[in-house]
Structure formats: C-alpha cells, structure tokens
Amino acid sequence: FSSAPNTAPAAQLVPDPAAAKQKLKLLWLSCGNKDGLIGISQGVHGYLKEHDVPHVWNVDSNGHDPTHWRNNLYHFAQRLFR
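Now for a quick tour of the structure. Quantities reported herein were computed from a predicted structural model and do not represent experimental measurements.

1. Notes on the nonpolar core
A10, V14, A20, L29, V44, Y47, L48 and V53 form the largest nonpolar core, which has eight residues in total. When residues of this core are assigned to their parent elements, the largest contribution, three residues, is made by helix α3 (residues 38-50). Those residues in contact with A10 that sit more than four places away from it in its chain are G43, V44 and Y47.

Rendered as structure tokens:
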C-alpha cells in the first residue's frame, strides 16, 4: 500500500517477470492519487502490465496516509482469505 518501497526501477524490483508470474498468487499494488510518490507506483504498475505479471492495481483519492492503507488492507484481505 502506498507502494513506493524505494525509487529503484521496476526492472530492478522484478528482474524476472516470468518467474514472478509463476510464483505470485496475489500481488496488490495501490497508491492514492494525492500521494507524491504515485509516479513511482505507476511505473511499477506499467512494467508489470507490460510483462503480463498478474496484479491488482488500485488507485483511490487518498494520499500517503493511514486512510489509504486501512482501506486497501480491507480490500486486500477480502482476496487473501477467499
């Protein structure tokens, strides 16, 4: 949530998209549209999409704040505990 773990390029964060596709069961990527780091998260999302790595991309109207994290934890948990 507010997924800008650092400013490393997406290719460095996920260097082997094929392996990621095989290993991942659920990848949740979210960011508020008022978050100053949304550009980094958008870059990761674009890279994952370009390489067909399945993931959930959720943008809401919050910032880099507890409201965003709380809301996304709720939605993430709904998928996690199916």
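So that's the structure; there's more coming.
2. Let's talk about the side chain of H68
Within the fold, H68 resides in helix α4 (residues 66-80). The exposure class of H68 is buried, given its relative accessible area of 0%. Polar side-chain contacts of H68 include one of 3.1 Å to the side chain of S30. Those residues in contact with H68, other than ones at most four positions away along the chain, are F1, S2, S30, C31, G32, D60, N62 and G63.

3. Thoughts on unusual backbone geometry
One non-glycine residue, D52, lies in positive phi territory at about 55°. By the element assignment, D52 lies in the loop between α3 and β2 (56-60). Exposure remark for D52: the relative accessible area of 56% places this residue in the exposed category.

4. Concerning a nonpolar patch on the surface
On the surface, F1, W69 and L73 cluster together into a nonpolar patch covering about 270 Å² of accessible area. Mapped onto the elements, L73 comes out in helix α4.

Conventions used here
Residues numbered from 1 in each chain as written. Predicted model: local features only at pLDDT ≥ 70, side-chain atom pairs only at ≥ 80, totals over all residues. Heavy atoms only, no water. Core = buried A, V, L, I, M, F, W, Y, C linked by side-chain atoms within 4.5 Å. Buried < 20%, exposed > 50% of the residue type's maximum accessible area, 1.4 Å probe, protein only. Helix = DSSP H or I, 4+ residues; strand = E, 2+ residues; numbered from the N terminus. Contact = heavy atoms within 4.5 Å. Polar contact = N/O pair within 3.5 Å; in protein donor to acceptor, adjacent residues only side chain to side chain. Patch = residues over 30% accessible without salt bridge, like charges linked within 9 Å, V, L, I, M, F, W, Y side chains within 5 Å. Areas by Shrake-Rupley, 256 points an atom, 1.4 Å probe, with all protein chains shown as cover. Salt bridge = Lys/Arg side-chain N within 4 Å of Asp/Glu carboxyl O.

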